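Inside the fold
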Amino acid sequence: MQLSLYQTIGPHHIKQLIHDFYQGVQTDQFLVPMYRDGFAVAEDRLHLFMMQYLGGPTTYSDQRGHPQIRKRHAHFAMNEETKTHWLRHMNKALDQSKMLDEHKEYLRSYFTKTAEFLIS
Ligand code: HEM
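Structure report, in brief.

Rules behind the numbers
- Note on numbering: residues in each chain are counted from 1, in written sequence order.
- Local features in a predicted model are, by the rule used here, given only for residues with pLDDT of at least 70; side-chain atom pairs are given and counted only at 80 or more, and totals for whole chains, interfaces and linings are based on all residues.
- For each residue, a C-beta atom is placed from the backbone, and the residue is labelled near a molecule or strand when this atom is within 6 Å of it.
- Where helices and strands are cited, they refer to DSSP runs of H or I of at least four residues and of E of at least two residues respectively, numbered from the N terminus.
- Amino acid classes used here: Ala, Val, Leu, Ile, Met, Phe, Trp, Tyr, Cys and Pro are nonpolar; Asp, Glu, Lys and Arg are charged; the rest, including Gly, are polar.
- Each residue after the first adds 1.5 Å to the expected span of a helix.
- To sort residues by burial, count the other C-beta atoms lying within 10 Å of each one's C-beta; a count of 20 or more means buried, 12 or fewer means exposed, and anything in between means partly exposed. C-beta atoms are built from the backbone.
- Relevant arc is that of directions from the helix axis to the C-beta atoms, nothing else.

**Regarding the site of the ligand**
- Surrounding the ligand, one finds 23 residues, the nearest of these being Met34, Asp37, Phe49, Trp86 and Ala115.
- Secondary-structure elements contributing two or more residues to the shell around the ligand are helix H3 (39–53), helix H5 (69–73), helix H6 (80–96) and helix H7 (101–119).
- A per-class count over the shell around the ligand returns 14 nonpolar, three polar and six charged.

**Focus on H3**
- The end-to-end C-alpha distance of H3, which contains 15 residues, comes to 21 Å, matching closely the 21 Å that a straight helix rising 1.5 Å per residue would cover.
- For H3, the complete set of buried residues consists of His47, Leu48, Met50 and Met51. Down the axis, H3 shows its buried residues gathered within 165° of arc, on one side only.

**Observations concerning the environment of His103**
- When you line up the elements, His103 lands in helix H7.
- Residue His103 is classed as partly exposed on the basis of its C-beta count, with 19 C-beta atoms lying within 10 Å.
- In sequence terms His103 and His13 are 90 residues apart; their C-alpha atoms lie 10 Å from each other.

What follows is the structure in structure tokens.
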């Protein structure tokens, strides 16, 4: 049986990454006002989304339906500036993660491309 990327990277590393990311976002006065449902909810959603994206349990879609992440970001201020702030916190969380370097670089590239897609 082939392991999912979620298992290969390590569920605890994914959970920690998303937690550390939101610790950073919460200190960013530029981003804070965007998170109207609160950070616990946002952290849970992104964690479940990444779990599913990486081939793990599909709890995200069971709870939220099809991801449609472009549509779900449509009512936020998605632009070069918010992208830079978002990626700064994600890259910082990746820098401090204990996952393997090759996994960090895979995720760094994925987040950068997806953020670009979301503002385009
Ligand atoms: C470009 C910069 C980005 C900004 C400013 C941004 C901002 C936000 C905000 C404000 C929310 C709402 C949080 C809430 O649920 O209350 C959100 C949700 C979410 N974001 Fe982003 N985001 C960005 C990039 C990304 C990227 C790159 C991904 C995927 C890798 C992503 C995945 C998600 C997911 C899965 C949700 C939850 C959607 C839902 O179920 O409602 N975001 N984002």
